[in-house]
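Analysis of the macromolecular model
Take a look at the letters that make up each chain.
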Amino acid sequence: MLAEDALPVLPEVAGACEILGIDPLYVASEGRLIAVVAAETAAAALAALRSRPLGANAAVIGSIGDDPQGLVLLDTSLGGRRIVDALVGDPLPRIC
């Protein structure tokens with residue numbers, strides 16, 4: 001389960017995605033890391049990431065459960081819930 005409000009999306013990125021009608025979850029994000037750690041070590045892992053300059057915006061964005069099996073769900077900032085589908089087709093063109 002992901003929490004939309006917990007995703008560290010920069011305001012500039014959110015604004016550009018809104019103008020273009022793009023979901024920021026499907027935009028190329030080079031230099032990003034998703035670490036899956038046990039719940040009891042999450043605070044220590046987060047502190048370690050935040051102790052580095054490039055990890056200042058590190059955040060716990062969700063948790064793994066077993067219901068419903070095989071789906072990634074997102075709790076939206078509006079109070080809803082939706083399935084985060086796998087990307088189909090080509091991602092946005094890269095400029096690098």
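In this report, the structure presented in the accompanying data block is examined. None of these values were measured; they are calculated from a predicted model.

1. A closer look at the overall build of the chain
If you tally the helices and strands in the chain, you get two helices and three strands. The principal-axis extent of the C-alpha atoms belonging to the chain is close to 40 × 35 × 25 Å. For the chain, the residues scored as buried account for 9% of the 96 residues in total. In the chain, of all internal contacts separated by at least 6 residues, the share reaching a separation of at least 24 is 60%.

2. Overview of helix α1 (residues 11–20)
Within α1, only one of the ten residues are buried, leaving the element largely exposed. Two residues or fewer after α1 comes G21, characterised by a positive phi angle close to 70°.

3. A closer look at the sheet that holds strand β2 (residues 73–75)
With mixed pairing, the three strands of this open sheet are ordered in space as β1-β2-β3. Sheet topology places β1 (2–3) and β3 (81–83) at the edges, where each strand pairs with a single neighbour.

4. Quick notes on the pattern of salt bridges
Going through the model one piece at a time under the given rule, you end up with two salt bridges. The partner of D23 in a salt bridge is R82, with the nearest N and O atoms 2.5 Å apart. Note that D23 is positioned in the loop between α1 and α2 (42–50) and R82 in strand β3, a separation of 59 residues in sequence. On the basis of relative accessible area, R82 is assigned to the partly exposed category, the value being 28%.

5. Thoughts on a nonpolar patch on the surface
There is a patch of nonpolar side chains on the surface, built from V9, L10 and V13 and spanning about 200 Å² of accessible area. The residue V13 is located in helix α1 in this model. Judged by relative accessible area, V13 falls into the partly exposed class, the value being 35%.

Basis of the calculations
Residues numbered from 1 in each chain as written. Predicted model: local features only at pLDDT ≥ 70, side-chain atom pairs only at ≥ 80, totals over all residues. Heavy atoms only, no water. Helix = DSSP H or I, 4+ residues; strand = E, 2+ residues; numbered from the N terminus. Buried < 20%, exposed > 50% of the residue type's maximum accessible area, 1.4 Å probe, protein only. Contact = heavy atoms within 4.5 Å. Pairing = 2+ DSSP bridges. Salt bridge = Lys/Arg side-chain N within 4 Å of Asp/Glu carboxyl O. Patch = residues over 30% accessible without salt bridge, like charges linked within 9 Å, V, L, I, M, F, W, Y side chains within 5 Å. Areas by Shrake-Rupley, 256 points an atom, 1.4 Å probe, with all protein chains shown as cover.

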